[in-house]
Number of protein chains: 2
Amino acid sequence: MQAKLQALLTPRSIAVVGASDHIHKIGGRPIHYMREHGYAGTLYPVNPQRDTIQGLPAYPSLDALPEAPELAIIVVGGGAAVQAVRDCARLGVQAAIVIASGFGEAGAEGRRQQREMVEAARASGLRLVGPNSQGLANFGSGAIASFSTMFIEVPPQDGPVAVISQSGGMAAMVYGLLRAQGIGVRHMHATGNEADVTVSEMALAVAHDPDVRLILLYLESLVDPAVLAEAAAVARQRGVPLVAVKSGRSDAGQRAAASHTGAIANEDRAVSAFLERHGIWRVDDAHALARCAPLYLRGWQARGTGLVVVSNSGASCVMAADAAQPLGLAMAPLGAATQAALAERLPGFAATANPVDVTAALLTNSGLFGEVLPLAAADPATDLLLLDIPVAGMGYDVPRFARDAAAFATEAGKPIAVAAWQAPVAEAFRAQQVPVYASGREALAALAQLVHHQRRLRELEAAPPLPAAIATAATPATGSAGGHTLSEAASLARLAAGGLPVVAHRLCRSEDEAVAAWRELGGPVAVKACSPDVPHKSEHGLVALRLDDAQAVAQAWRAQSAALARLGARAEGVLVARMAAGAHECMVGAHWDPVFGPVLVVGAGGKYVEALHDTAVLLAPCREADVARALAGLRIAPLLAGVRGEAAADVAALCRVAAGVGEMMARGGGAIRAIDVNPVMVGAEGVVIVDALIEMAA
Amino acid sequence: MQAKLQALLTPRSIAVVGASDHIHKIGGRPIHYMREHGYAGTLYPVNPQRDTIQGLPAYPSLDALPEAPELAIIVVGGGAAVQAVRDCARLGVQAAIVIASGFGEAGAEGRRQQREMVEAARASGLRLVGPNSQGLANFGSGAIASFSTMFIEVPPQDGPVAVISQSGGMAAMVYGLLRAQGIGVRHMHATGNEADVTVSEMALAVAHDPDVRLILLYLESLVDPAVLAEAAAVARQRGVPLVAVKSGRSDAGQRAAASHTGAIANEDRAVSAFLERHGIWRVDDAHALARCAPLYLRGWQARGTGLVVVSNSGASCVMAADAAQPLGLAMAPLGAATQAALAERLPGFAATANPVDVTAALLTNSGLFGEVLPLAAADPATDLLLLDIPVAGMGYDVPRFARDAAAFATEAGKPIAVAAWQAPVAEAFRAQQVPVYASGREALAALAQLVHHQRRLRELEAAPPLPAAIATAATPATGSAGGHTLSEAASLARLAAGGLPVVAHRLCRSEDEAVAAWRELGGPVAVKACSPDVPHKSEHGLVALRLDDAQAVAQAWRAQSAALARLGARAEGVLVARMAAGAHECMVGAHWDPVFGPVLVVGAGGKYVEALHDTAVLLAPCREADVARALAGLRIAPLLAGVRGEAAADVAALCRVAAGVGEMMARGGGAIRAIDVNPVMVGAEGVVIVDALIEMAA
């Protein structure tokens, strides 16, 4: 880890610029927290108005300190904050946290001031957190450079979780949700506007902390995917799951993020593709970020999706069975021996198939859960367990249930989650470190996350290395200015040169050439005018399909040449191409994203692409297997697999084309701005690219 | 309401068969509850072992009572329960509740005993609740014929909500969730196995209770939709919303429901269609049942989907904006005047566009929420408000926030929901009767339910009457035995006779006839062998398409006649039909559901129907407008609307066909078992039915 980020996590000395004697002012709280939670380094309150701050000697300025502190917390705002950053830079402070708001997220003047801070910091190598940051808190070192009030609401306890967030509010909320579940938190860092230090960098820093076993992120923009990818790699190496919210998914959300942290817009599907590529699980809010923590931290490995539901309510059994499938869980088919063993312990009218309804017999035998759970878990079909208790209280020996579940959870080694909405019931399980949720649905969502996330991580472990490094260096202009579009013929030629299967075609410059081409190709042809000036031909009557006699071909040539002349478009000629016979129209697209580099889109093609929204997004370059996995999630997947006795489509060939297009983009290093292959006809054997457009960067 | 159901809700006298002196035994608890909660009628404990029960005189048998009680609670099990029901029937008791399990849900012997009880009851007009029922509780009359322990966990308070459930556990859980929100519950009824009295009947009964303002249902099977439809009509008339869980949606869930309450399987999409038709909002679990109650009970009318989000966290603003769209809510565009007014009250760096981030300025101005909410609500674009407070506590004047929100909620008349996960913060709002949720996402889900449910109810109010009454009387056999399939020609003829547009075609019995038909029809034809024995022709090579010369038609006739002969199938002839030119292949199907009668399916057609799953289900008969609404929700909707300059498809004509097929089914009264129109080609003007199969009942 970079030494200067170390100074953010475990600084030997900390100055607070704008320190307050009042322990509940923003300038007083960090000092108070650090003294309460055992910070062992040196604290330097800076305040020209006072001799002492909270009993510590105060200094009139940064310059007056006996040494350059490793870290400065800058509580003052506006121009004073800019000046403090300059002072830190000049004095050789390693890192500074700017707390104040009103900079990059708030208009031109704020943006200008933020730029000044960054320039001063960059010039001296000072690392800058914020501005508009709630600060950083490390309960391992006691360096609590944060003014969050949440440490008062829910007392801290050092533990295995790191929470890193642009938003201080979200950091605090996730911290609070974890602590409310009795889970200890080591790191709670808020990066605010990310003028310099990002969530990705902090994630990388904490991924190296040997005590961290779970990392939770909240991002509003992602500007340095390579750093986050490195953090994810370190975390995977250490078996530490990473879970992330990346908000600003919708247009409205993106606008809100821009005015919150000055966030730049990310292409949301590329974000998802990036996170999946690196085994980072994406969720949508703070509750979801915290949800699976108790399961991850138990260290359970979910080996499959076979779920057993045990409940004292038949209705909960029914609803859990209903909820399982949409979450990608399957009700485990319990074997006859298991069911017989269950039947011995349950009343005659109870259900021994999965879900297992222990019925109100639980009232007379409080040991039922303890007897039933190990029996169900011993079945080889069982991977996961839900214990759903919608009703308990008087007459129920809840402490016994919790003890039995805890013993089971420790011995069985299979993940279990409990659902109990009644606070005292939930508390009894929580006290025994058994993961507990307010509803069966939430418990199932957590179990599903565990199994699907772990499966993804195993996939990544087993996957061969990528065909080439991800190109992230070159970032071509993304506007339309300066670039140019290749004609269809030139685009097809370029794809063919890259080894991709394009339709047999001839570029013809005369009527005779066109007719000769039809004869040579044999069978029906498509005739399409070719001009770099007219990318969308069909809208201008420049496409004729299924022509199969000389006269029709000649006539098409004449009509299209005339149409091009009317449009005043450059005529490269007319393209005569064999009609492709593939059964399925698919598409492969690629474009250059300013953050993620080459992005690949594959899916249903033809003119309905936009209307059907049945495409998947991947980062390029990628493996053919990655494309296959993405295609398997589309609605066209069953069609490609073959319906009603049809032959299956050659999906492998489609994957080769997609991976090839992705690699072509990546190798282009930004020279190619976009490739649009649509349609590519997918038959039972092989695929043919029928139409293509390539946009080059300036 | 039926008088005997009245005896279940407000009985003048109640016998408890199997009464216990122990107030926490099942036979003791109802007596204890009724004496505690002011039941004013007469209680008759029946127990041959004792002289008194809980201080009341006990009787050795039902026969020994001084009068026939209006209601009997039967706590004894097995054969004794059957005998008690017989005794009740003989003595003229009006209604009985059988608590014990082990009947219809548990094997052949249990089913036999349940049948015996029902027969005894039906013979005398006794109404029977259960068996396997937790009982009924009416906190208006104090008739608490229930043994639920939940009344001990969360003390009852009479109020505006009725909870009716097959499952006692779910009834108790929903009751508990409501009470935990401070909401009073009038009715909590569990119908168990529904051998006689159903959830629908109880819903109808409570819909007439003038104090009930919200009805929540949990069903595992729906056997009497007409009764539930009547309940919904009464409730709509009174402005009482109905919300329902119908579980057993998946195969696994259905199996679990069968062993829980002996539930019969319902066709799940028909259930959804039924509930939507009657304005009953469908949700998926107990939490969701209770979720919207605080909003309904405030009496708010949500007039549109324009949402304003106000928060002290920018991140919550971003996530709420992201979450709104998938819920069918739109971020309200606040006008310039509103934004200017907001800017006057908020710090310079705060966001005044929607979402409104009041920032940490809330720490120094506790009145900010109170100032901002009315300004945002006054904007004409604002229909709904979310106040999201992910962080509060020390330094925040939470009681003030709650008071301000309460005052706003009362004055503004626009629905507002608060999100606050911290228990003390939530409690402050709850104490002020402001609807409060643990997460922004949940609050938005509740607001979305309110607006979409109320819109649906307004739609129903405005809709013209249905073309005919729903046919529910005749229920033809649904197995395949005994029915017969009409040939394609006969099926088309039947549809044509019903006024539906079928493709121009001729049924030909010779090669010459076939060729003559081609000449007569003009242009390319399809040739299809016609036999009632071979419904799926294309799989047997019995379809030839786009033939346009005499030789090809003749050859197809010979080949298909030979193929039919090989299959040993009856040959009705060969159908020669004009190739239809419509742009979109759609399908219309109809079948007879044993519970709901005629069910209509419309959507994407062709051979990919099963693979694409892009169809909608409606109950028939229905209005053309209902079909149009259903089609608008499909993925093909944008294709039908026209893509890239294509003409829009004639959706109105498709709706006429679908409504016509539905009406044909309904008029058939069960004589027609199924109609499968696939494809129906939908062009820019008009539609043509190209293929059809009709199955007749025996």
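Here's a quick rundown of the structure. (Residues numbered from 1 in each chain as written. Chains lettered and ligands numbered in written order. Predicted model: local features only at pLDDT ≥ 70, side-chain atom pairs only at ≥ 80, totals over all residues. Heavy atoms only, no water.)

**Quick word on the pattern of salt bridges**
Residue and element names in this part refer to chain A. Applicable threshold: Only one rule defines a salt bridge in this text: a Lys or Arg side-chain nitrogen within 4 Å of an Asp or Glu carboxyl oxygen. To qualify as a helix, a DSSP run of H or I must reach at least 4 residues; to qualify as a strand, a run of E must reach at least 2; elements of each kind are numbered from the N terminus. A simple rule labels every residue: compare its accessible area, found with a 1.4 Å probe on the protein chains alone, to the largest value its type can have, and call it buried under 20%, exposed over 50%, or partly exposed in between.
Under the definition given, this model contains 63 salt bridges over all chains. Arginine 249 is the partner of aspartate 284 in a salt bridge, and the nearest nitrogen-oxygen pair spans 3.0 Å. Highlighted residues: aspartate 284 in the loop between β14 (281-283) and α11 (286-291) and arginine 249 in the loop between β13 (242-246) and α9 (251-261), separated in sequence by 35 residues. Looking at aspartate 284, the relative accessible area reads 32%, which means it is partly exposed. Within the structure, one salt-bridge network assembled from shared partners comprises Arg86, Glu109, Arg112 and Glu116.

**As for the side chain of glutamine 54 of chain B**
Here glutamine 54 of chain B shows up in the loop between β3 (52-53) and β4 (56-57). Among the residues examined, glutamine 54 of chain B registers a relative accessible area of 13% and is labelled buried.

**Looking at the nonpolar core**
Rule in force here: Among buried residues, those of type Ala, Val, Leu, Ile, Met, Phe, Trp, Tyr and Cys that are joined through side-chain atoms within 4.5 Å constitute a nonpolar core. Residue contacts are defined here by distance: any two heavy atoms, one from each residue, within 4.5 Å place the two residues in contact.
With 333 residues, the main nonpolar core has Phe429 of chain A together with Phe429 of chain B as its most contacted residues. Apart from residues lying up to four places away in sequence, phenylalanine 429 of chain B is in contact with Leu387, Ile389, Phe401, Ala402, Ala405, Val418, Val434 and Val436 of chain B. With 48 residues, the next largest nonpolar core counts Leu486, Leu618, Val627 and Val661 of chain A among its residues.

**Some words on the interface of chain B and chain A**
To keep things clear, this is the line we draw: Accessible surface is computed with a 1.4 Å probe, and the buried area is the amount of it that two parts give up when combined, taken over both parts together. Any N or O atom pair separated by 3.5 Å or less is treated as a polar contact, with the protein-specific requirement of one donor-capable and one acceptor-capable atom, and with residues adjacent in sequence counted only for side-chain atom pairs.
Taken together, the contacts link 72 residues of chain B with 72 residues of chain A. Together, Met394, Trp421 and Arg644 of chain B form the three largest contributors to the area buried by chain B at its contact with chain A, with a combined 13%. Ionic pairing is found between arginine 441 of chain A and aspartate 285 of chain B, a salt bridge with its closest N-O pair at 3.1 Å. For the interface between chain B and chain A, the tally reads 14 residue pairs in polar contact (both at pLDDT 80 or more). A total of 8 residues in the side of chain B that touches chain A trace back to one element, the largest contributor, which is helix α13 (residues 314-324) of chain B.

**Quick word on the side chain of aspartate 196 of chain A**
Residues and elements named next belong to chain A. Residue position: aspartate 196 is located in the loop between β11 (185-190) and α7 (199-207). Relative accessible area serves as the criterion here: at 11%, aspartate 196 is assigned to the buried category. Here arginine 122 takes part through its side chain, which lies 3.2 Å from a polar atom of the side chain of aspartate 196. Within the structure, the side chain of aspartate 196 is placed 2.9 Å from the side chain of arginine 127, a separation counted as a polar contact. Discounting residues that sit within four places of it in the chain, aspartate 196 has contacts with Arg122, Leu126, Arg127, Leu128, Gly130 and Glu201.

Keep in mind these numbers describe shape, not what the thing actually does.
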